[in-house]
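# Structure at a glance
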Amino acid sequence: MSTFPSDTKALVIGCGIVGNSLAYHLTDQGWSDVVLIDKGPLPNPGGSTGHASNFIYLVDHSKEMTQLTVESTRQYKEMDVYTECGGIEVARTEERMEELRRRMASAKSWGIEPVSLVTPAEIKELVPYIDETILLGGFYTPGVGVVDSLRAGTIMRERAVEAGALAVFASTEVHGMDVEHGRIRRVHTSRGTIEADTVVIACGVWSPLLARMAGAHIPLTPMVHQMIDVGPVPRFERSTKAIEFPIVRDMDVFMYERQDGVGLEIGSYAHRSILHDPEEIPSLEEAALSPTEFPFTQADFDPQMVDALDLMPEIVGDESVGVKYAINGLISLTPDGMPILGETPEVKGLWSAAAVWVKEGPGVGKSLAEWIVHGESHIDLHSSDVSRFHAHQQTRAHVRARTSEAFPKTYGIIHPAEQWSSDRGIRLSPMYEREQELGAVFYEAAGWERPQWYEANAPLVERYGVQPREAEWDARWWSPIINAEHLAMREHAGIFDLSAFCIFDVKGAGALDALQRSVLAQMDVAVGRVVYTPVLGPRGGFKSDLTIMRLGDEEFRVVTGGAHGMADRKLFSDQLPEDGSATLVDVTTAWTTIGVWGPRARDILSGVTSDDVSHEGFPFGACRTVEIGSQLVLASRISYVGDLGWELYVPIEQGARLWDVLWEAGAPHGLTACGIGVYGTTGRLEKCYRAYAAELESEYTVVEAGMSRPKVKEQDFVGKEAHLRHREEEPAAILCTLTVDDHASASGVKRFPLGREPITLRDGTPLTDRKGRRSYVTSAGAGPSLGKYILLAYLAPEHAVEGSGELAVEYMNERYPVTVAVAGSAPIFDPENARIRR
Amino acid sequence: MRMLVCVKRVPMTGGKIVLTEDAQAIETRHLGFTISPHEECGVEEAVRLVEQHGGESVVLTLGPPEAVEQLRDAMAIGADRAIHLETDVEEWDPQATAAAIVDAIRADEAASGPFDLVFFGNEAADSGNYQVGTRVAYALGRPVATGLRGVAVGDGTVRCEQEAPGGRDVYELPLPAVVTVKEGLNLPRYPSVPGRLRAQRKPVTVSSPSRPPSRLEKLRLVVPEGQGKEATILGHGPDAAPAVVEVLRELGVLS
Amino acid sequence: MSVLVFVEHDGGEPTEPALQALTFARGYASGDPVHSLAVGLEPDGLGAYGVGTLHVAEHDVFGSYAPAAVAQAVVELAGRLLPTAVIAAGTDAGNEVMAHVAAKLDLPLAANCVEATPGDPARVTRVRWGGSLLEEAALHAPVKLLTVQPHAVAAIEVPGEGPAVERFAPVLGDADLTVRVVGRTGESAGGVSLSDAKVVVSAGRGAGSPEGFAGVEELAGLLGGAVGCSRAVTMAGWRSHTDQVGQTGTKIAPDLYIACGISGATQHMAGCKGAKAILAINVDRDAPILSSADYAVIGDLHEVVPAISAEIRKARS
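Residues numbered from 1 in each chain as written. Chains lettered and ligands numbered in written order. Predicted model: local features only at pLDDT ≥ 70, side-chain atom pairs only at ≥ 80, totals over all residues. Heavy atoms only, no water.

## A closer look at the overall build of chain C
As a reminder, the rule being used: What counts as a helix is a DSSP run of H or I of at least four residues, what counts as a strand is a run of E of at least two, and both are numbered from the N terminus. Accessibility here uses a 1.4 Å probe with only protein chains present; expressed as a share of the type maximum, an area under 20% marks a residue as buried, one over 50% as exposed, and anything in between as partly exposed. Residue burial considers only the protein chains on display, and all accessible areas are found by Shrake-Rupley using a 1.4 Å probe. All tallies of charge rest on Lys and Arg as positive and Asp and Glu as negative; His and the ends of each chain are not included. Just so you know, the charge point we use is NZ for Lys, CZ for Arg, CG for Asp and CD for Glu.
Broken down by element type, chain C carries eight helices and 17 strands. Dimensions of chain C, computed from the C-alpha atoms along their principal axes, are close to 65 × 40 × 35 Å. In chain C, buried positions account for 60% of the 317 residues. Summed over all atoms, the accessible surface of chain C reaches about 11,500 Å², with 51% contributed by carbon and sulfur. In chain C, 21 positive and 35 negative side-chain charges are present, and the distance between their average locations comes to 5 Å.

## Some points on the sheet that holds strand β18 (residues 322–333) of chain A
Residue and element names in this part refer to chain A. As a reminder, the rule being used: Pairing between two strands requires that DSSP report at least two bridges joining them. Here an axis means a line fitted to C-alpha atoms, over the contact stretch when the element is a helix, while the angle between two N-to-C directions is reported on a 0 to 180 degree scale.
Taken in spatial order, the nine strands of this open sheet run β6-β7-β5-β14-β15-β16-β13-β18-β17, and their pairing is mixed. With partners counted over all chains shown, the strands left at the sheet margins are β6 (116–118) and β17 (293–295), one partner each. Put simply, the sheet's adjacent strands are angled 30 degrees from each other on average, direction ignored. The sheet contact formed by strand β13 (residues 221–231) and strand β16 (residues 263–268) spans five bridges and is antiparallel.

## With respect to the interface of chain C and chain B
Cut-off, in case you're wondering: Pairs of residues are marked as contacts when any of their non-hydrogen atoms sit within 4.5 Å. We define buried area as the total accessible area lost by two parts upon association, computed with a 1.4 Å probe and summed across both. Think of a salt bridge as a Lys or Arg side-chain nitrogen and an Asp or Glu carboxyl oxygen that are within 4 Å of each other. Pairs of N or O atoms are called polar contacts if they sit within 3.5 Å, as long as, within protein, a hydrogen donor faces a hydrogen acceptor (for residues adjacent in sequence, only side-chain-to-side-chain pairs). Amino acids outside the nonpolar list (Ala, Val, Leu, Ile, Met, Phe, Trp, Tyr, Cys, Pro) and the charged list (Asp, Glu, Lys, Arg) are all regarded as polar, and Gly is one of them.
Listed by partner, the interface residues are 82 residues for chain C and 82 residues for chain B. In this assembly, chain C packs against chain B so that about 6,900 Å² is buried in total across both faces, 57% of it on carbon and sulfur atoms. Inspection of the region where chain C meets chain B yields seven salt bridges. Residues E183(B) and R231(C) are paired through a salt bridge, measuring 2.5 Å at the closest nitrogen-oxygen approach. Summed over the shared surface of chain C and chain B, the number is 36 residue pairs in polar contact (both at pLDDT 80 or more). Split into classes, the residues belonging to the side of chain C that touches chain B amount to 40 nonpolar, 24 polar and 18 charged. Taken together, the six bridges between strand β12 (residues 216–222) of chain B and strand β9 (residues 133–139) of chain C define a ladder with antiparallel strand orientation. Directly across from V222(B), in β9(C), lies its bridge partner L134(C).

## A word on the pairing of strand β23 (residues 493–497) of chain A
Residues and elements named next belong to chain A. A large share of β23 lies buried, amounting to five of its five residues. Alternating residues of β23 divide into A493, I495 and D497 and G494 and F496, and every residue in both groups is buried. Sheet topology places β23 next to strand β33 (residues 671–673); three bridges connect them, and they run parallel. What sits directly across from I495, in β33, is A673. Pairing of β23 with strand β29 (residues 591–597) involves four bridges; the strand directions are antiparallel. By the bridge assignment, G494 is partnered in β29 with W597.

## Here's the deal with helix α10 (residues 396–406) of chain A
Residues and elements named next belong to chain A. The condition is simple: This arc is built from the directions going out from the helix axis to the C-beta atoms.
Those residues of α10 that fall on the buried side of the exposure criterion are H398, V399, R402, T403, E405 and A406. For α10, the angular spread of the buried residues around the axis is 160 degrees, confining them to a single face. Taken together, the buried residues of α10 touch β13, β18 and β21 (440–445).

## Points about the interface of chain A and chain C
Contacts between chain A and chain C engage seven residues on the former and five residues on the latter. Summed over the three residues of chain A that lose the most area to chain C, namely P41(A), S171(A) and E285(A), the buried surface amounts to 59% of that side. Taken together, the links from chain A to chain C amount to zero salt bridges. For the pair chain A and chain C, the interface holds one residue pair in polar contact (both at pLDDT 80 or more). Classifying every residue of the side of chain A that touches chain C gives three nonpolar, one polar and three charged.

## Regarding the sheet that holds strand β15 (residues 256–260) of chain C
With parallel pairing, the six strands of this open sheet are ordered in space as β13(B)-β17(C)-β16(C)-β15(C)-β13(C)-β14(C). The sheet is open, and its two borders are formed by β13 (232–236) of chain B together with β14 (226–229) of chain C, each paired with just one other strand. Within this sheet the neighbouring strands show an average axis-to-axis angle of 20 degrees, counted without direction. One ladder, built from five bridges, connects β15(C) with strand β16 (residues 277–282) of chain C; its direction is parallel. Looking at β16(C), one finds that C260(C) is bridged to I281(C).

## Digging into empty space enclosed by the protein
Residues and elements named next belong to chain A. Note the following rule: Any residue with an atom within 4 Å of a point lines the site, the site being either a cavity, points on a 1 Å grid over the protein atoms alone where a 1.4 Å probe fits but cannot get out, or a pocket, an open set with protein on both sides within 12 Å along at least 5 of 7 lines. Grid points are joined across faces, edges and corners, and a volume is the space filled by probe spheres set on the points.
Applying the stated rule across the entire model yields four cavities of 30 Å³ or more. In terms of lining, the largest cavity is formed by T701, V703, E704, H726, E729, E730, P731, A732, R770 and K771. Its residues placed into classes, the lining of the largest cavity shows three nonpolar, two polar and five charged.

## Quick word on the nonpolar core
Keep this limit in mind: The term nonpolar core refers to a set of buried residues drawn from Ala, Val, Leu, Ile, Met, Phe, Trp, Tyr and Cys, joined through side-chain atoms within 4.5 Å.
One finds L26(A), Y76(A) and L368(A) to be the most contacted residues of the largest nonpolar core, which totals 72 residues. Not counting residues within four places of it along the chain, the set of residues in contact with L26(A) comprises A10(A), V12(A), W31(A), V34(A), A369(A), I372(A) and V373(A). If you look at the next biggest cluster of nonpolar residues, it comprises 37 residues, including V253(B), V216(C), I308(C) and I312(C).

## What to know about the pattern of salt bridges
Residue and element names in this part refer to chain A. Counted according to the given criterion, the structure contains 94 salt bridges over all chains. Salt-bridge contacts for R212 lead to E279; the nearest nitrogen and oxygen are separated by 2.8 Å. One end of the pair, R212, is in helix α6 (residues 207–214); the other, E279, is in the loop between β16 and β17, and 67 residues separate them in sequence. The exposure class of E279 is partly exposed, given its relative accessible area of 40%. Residue R490 pairs with D643 through a salt bridge whose shortest N-O separation is 2.7 Å. Taken together, the residues span a long stretch of sequence, with R490 in helix α14 (residues 480–491) and D643 in the loop between β31 (631–636) and β32 (645–651) at a distance of 153 residues.

## Points about a negative patch on the surface
All names here are of chain A. Put simply, the test is: Residues with no salt bridge and a relative accessible area higher than 30% make up the patches, which join like charges within 9 Å and nonpolar side chains (Val, Leu, Ile, Met, Phe, Trp, Tyr) within 5 Å.
Taken together, the side chains of D611, D612, E616 and E627 define an acidic patch exposed on the protein surface. By the secondary structure assignment, D612 is in the loop between α17 (601–606) and β30 (623–628). The partly exposed category is assigned to D612, whose relative accessible area is 43%.

## Considering the side chain of D474(A)
All names here are of chain A. Assignment of secondary structure puts D474 in helix α13 (residues 472–475). Since its relative accessible area comes to 0%, D474 is described here as buried. Among the polar contacts made by the side chain of D474, one reaches the side chain of R751 at a distance of 2.9 Å. Within the local environment of D474, its side chain forms a polar contact with the backbone nitrogen of F752, the two atoms lying 2.9 Å apart. Excluding its chain neighbours within four sequence positions, the residues that come into contact with D474 are R469, K750, R751, F752, L754 and Y811.

## Notes on the domain arrangement of chain C
Residue and element names in this part refer to chain C. In plain terms, the rule: Domain segmentation is taken from an automatic or database assignment of domains.
For chain C, the domain assignment lists domain 1 (3–177) and domain 2 (199–316). The C-alpha-based centres of domain 1 and domain 2 are spaced at 35 Å. Listed by partner, the interface residues are four residues for domain 1 and four residues for domain 2. On the domain 1 side of the interface with domain 2, the three residues burying the most area are W129, G130 and S132, jointly 85% of the side's total. One can count zero salt bridges joining domain 1 with domain 2.

## Observations regarding helix α6 (residues 241–251) of chain B
Note on helix geometry: an α-helix contains 3.6 residues per turn, so any two residues three or four positions apart are oriented the same way. Restricting attention to buried positions, one finds in α6(B) the residues A241(B), V244(B), V245(B), V247(B) and L248(B). Within α6(B), the buried residues cover an arc of 160 degrees as seen down the axis, which keeps them to one side. The inward-facing, buried residues of α6(B) contact β13 of chain B together with β15, β16, β17 (295–298) and α8 (301–316) of chain C. G252(B) occupies a position one or two residues after α6(B) and carries a positive phi of about 75 degrees.

## Describing the packing of aromatic side chains
We apply this condition: Stacked, tilted and edge-to-face pairs are distinguished by plane angle, under 30 degrees for stacked and over 60 for edge-to-face with tilted covering the rest, among Phe, Tyr and Trp rings (Trp via its six-membered ring) whose centres lie within 6.5 Å. The criterion for a charge sitting over a ring is simple: Lys NZ or Arg CZ within 6 Å of the ring centre, and within 35 degrees of the ring normal.
Tallying each qualifying case throughout the model produces 26 aromatic pairs over all chains. Aromatic pair Y640(A) and Y679(A): ring centres 5.3 Å apart, planes at 50 degrees, arrangement tilted. With a gap of 39 residues between them, Y640(A) in the loop between β31 and β32 and Y679(A) in helix α19 (residues 676–686) connect regions that are remote in the sequence. Under the relative-accessibility criterion, Y679(A) is labelled buried at 10%. Each member of the aromatic cluster is reached from another via a ring pair, and the members are F55(A), Y57(A), Y256(A), Y269(A), F407(A) and Y411(A). The side chain of R249(A) reaches across the aromatic face of Y57(A), ending 4.0 Å from its centre. The aromatic ring of F168(C) is capped on one face by R80(C), whose charged end is 5.0 Å from the ring centroid.

## Re the environment of A79(B)
Among the structural elements, A79(B) can be located in the loop between α2 (68–76) and β5 (81–86). The spatial distance from the C-alpha of A79(B) to the C-alpha of E44(B) is 8.7 Å, given a sequence separation of 35 residues.

Printed below as a string of structure tokens:
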């Protein structure tokens, strides 16, 4: 056994599937001085990997998760630890059948094939021990498999050790971490102290404890998931492999069943949410099994026995088949269900690789290694980014509330716009009461309660003749009032509560340079200009898009959407110079923002301020302070909804007053309260304004998104080299605006796609660009001013032909014809931008 | 045949025993519970005997409300019904335990006839007092054989086998009798799912006897000091073999 | 004031635990006379263990083991002597006989004590969980009934002559005669018995399967020892319960115990801590067994055990 080193380039803590994979991939990316430790023994240190069900279902509605799973599968196959057995998600209800059709669509959008919908008879052929008479059908993915995750971890670890690049120490417990000047410096372990600039916490359910040692947060909670093993199963005694029959996910009852040698493993997500604290996890000696295998609570499993019996009576009803093993297994759950990856915002050099399941393990290992070594991963990990959390989301109470709410939905049918019901009402804008009085229907973003639409505007539906959506799923979490508000705004003006913006000020002598480095656009603009700019990653893809106001020679205000605001904040903090010549201050809760847009916006504003707000006096893209009554308001003339107007910033305590002033002034002009339904969807879709995490991801280049400027600034910025290259190349895809020609389904009901559906040829053939990316709907929504339904999608150049009638969108397993209305980023509505620039 | 098996709910410990702060009990927060090993075999045996000879098997426990889990476990492998003498957190000493069990047996026998055999574990895994079964036998006026690894019911008798050096001693007792058994009597079956489902519906009679003062009164528990050993690591993997053989030689076991 | 000790013997040879019980009783008696009771034959050499008077109970039934009858003899003698305590070894037989005594007298019995102090109540420290836990208790009774945990004390001789021997024929009822050994069965086929073996080689679940014991069997064979296993192995049906080492299996006290892939759960350690030396073979250097072992090899038993066997062959050739 070698001696424990006193320093290393990278220290990875945790020998589960993630830690092993990451340690290997770091060395594979070229680092030759990596140390991997775990407080438990090898090969099975006693974490969740050790009792994982180890099966891999490929299709997920999330592109990010699917990409990680596909990459993991590739690695598992390369290591020869993947046994393909197929998987069937079965439906007992019609609602579930609809959901399975959605999964078919996601499979097509992400390129997972072959997949098929199967009948009960076909299911019976594949899984003879199932009672198909209780099923309506299934979704069959032949590529599903099981892996030996312990073996895979060992293989990866040993490869790196053999290459001389990795040293591994089991039975090594971390006691403390030292952070100096906001950087990780050293880690104290039971074997000694080790200095490292890069430390990764890959500790599964223990991760929050480790993070806390350094003053960082990894907001996950250990949660129980029950599993039992029954056997010996007479039918399996003839099997030559550990698994010969497809894995069945009985999602309506939140269970799965799979062959495991001569036994049948039955897992359940149906029980009440059983949370544990990381502090409660016993040590290896105290635990009767392993620290993450808690004693089985029979009462919680009782209903599931009945469900399993219903589905597989041949096996589960066999009196000779005994329950041999039963545990409450611990797994990590997060408030939003995504992993927690990346450099922690609190401590530089301290990385999180937590809340990752076996099916994403190797993919995460590789991606995180790329991120650590090269500054960016190939797979866009924005949904998993550890820096995404707002302060309240890191609290134990919030984590517990949301994971408790999420757990029962593990196999649930989740509408894309579905709202959380737990732990609401945390961040209320100063206009909240006004909005309540207007019957606001609040949706939550970043903890803020934001009006999605206002019930008080219901009469507008009839006035504008907005049609409802017939299908319940399409109409869920939506209202025709949104479209009506949109039309009222376009006709008169709308007032918007934009309090959820994340706002940070970057100041100092070094501020300009720091911002130049951070963003694509030229930042050395006149004081009083607003710059809209993408933020790129090193590989030239999108990390964000936002606006920056130059308020002074050394003062800039960055404004970005609340949902990604915290991650954006880290992007800018990371670019601050070491010499302290630029500082970043988060002023999100110092300011509130009210938007006023529409043809009457100037009339309304000029009625409340004597400052010059004429088109010449206050041009588009300018920002300056105006006096509105006794309020000093920072007015910024930009528009995310494509109409004339301003964002108005006041100190947060003055928000209600400003709202009231504008409301009163707006009344004679037909000012209508408009919700985020308009701001986030209808307004921008008509103008082809892209949204980060929809159209803008690291996979797509600035050119493909149609956001190239005529010139590239001289100054260096993150992603410049890549961007210059992209400008030289033919784009592999072009962002287009499509409209739906005919909404009628086979049964005559009008259907409205909600986003992420595949774009195909009329015969259903999926479209793949030369980079291997499928075409799918990045955003979907009504374009009420045009009377059209709009879909944004990236199309390969050969398909990005305006007027082309060869395409369709596949929704709920049916195809609807679409037309390419605009190839490229010109807006479908008011293409000259006359309304904004008047 | 009527069989009664008396079982005790005990924690499943790991590699280390941790006590509660007041040293009155084992800290069981992370531990699962089970029927004490010896009597698990008693349950299996009783179920087998009823499968063979017909009749009814009853399982009984003196324990906290949670002990109903162990009764359900026993019924899941075939016991027909259960008697739960519910206690609070205080421990009952062997005499009190036996007395409460005797009362329950008398009441049940008055209603349904005598038990041909009453099974106990030779000793409970946790308290290890070795005496409850014998006390119950005397109170009922029945013969008792202990530490059995073989039980066979014949015509009005039970043939009992007890481990002894070099073999097994055989006893023959007239029924009704009391037996205390040891693990190894049989290999208990695992419950099936239908068995578990049936167990949920089988009847449990609950009563709450009052606890008399303890005459063997637990004052506190103490975890014995480790021998303070620190194993000498002879090596890692197969390379350690020569060092091992050296030790074998030193210990004189390598002839 | 006196103390009465029930002494088990093997054809006249007092057992080691019985001598330990006598030593314990002597300590408890603190100078008061120590009486002992034996059934059937007169055991030798008890004077060297401080017995003042040896009472031998004689009856036909004592031709074979009859616990109720033995207990009745104890009860009858105690009725005459009125000792402050009745003590026996905490062996299977000792505990069985004393349980009968306790039931007959309806007095509390503290089994498997490692320490006892007279008093009202007496204070005892007794064993729980097969030895992994101790209980301090108060024994409230006019006569204290105790059994002594085997090997809690060593048997220590004292200078002394005698003892004086008295014979008596206890009056036994039908019930006392019912429970007696009437036959023998299952004589072992020979070979090394687990409880007698000088070397025991065991494996746990890490063996992987019944076939996984091949290496263990080979090593045990080379060392003239017996094969043992953990409870997990027997519960899985891989090996017979007679091979199980542990609290509810066989308690062993070999010269050397080699535990392969056994983590060291308390119930297992209760069965093997009597071993003079323990060698643990385990992948986990923090496995609990290592804090009870004298030697350890960190590694996979499937690699290490065959390597040891090969090395032994090499050493012998």
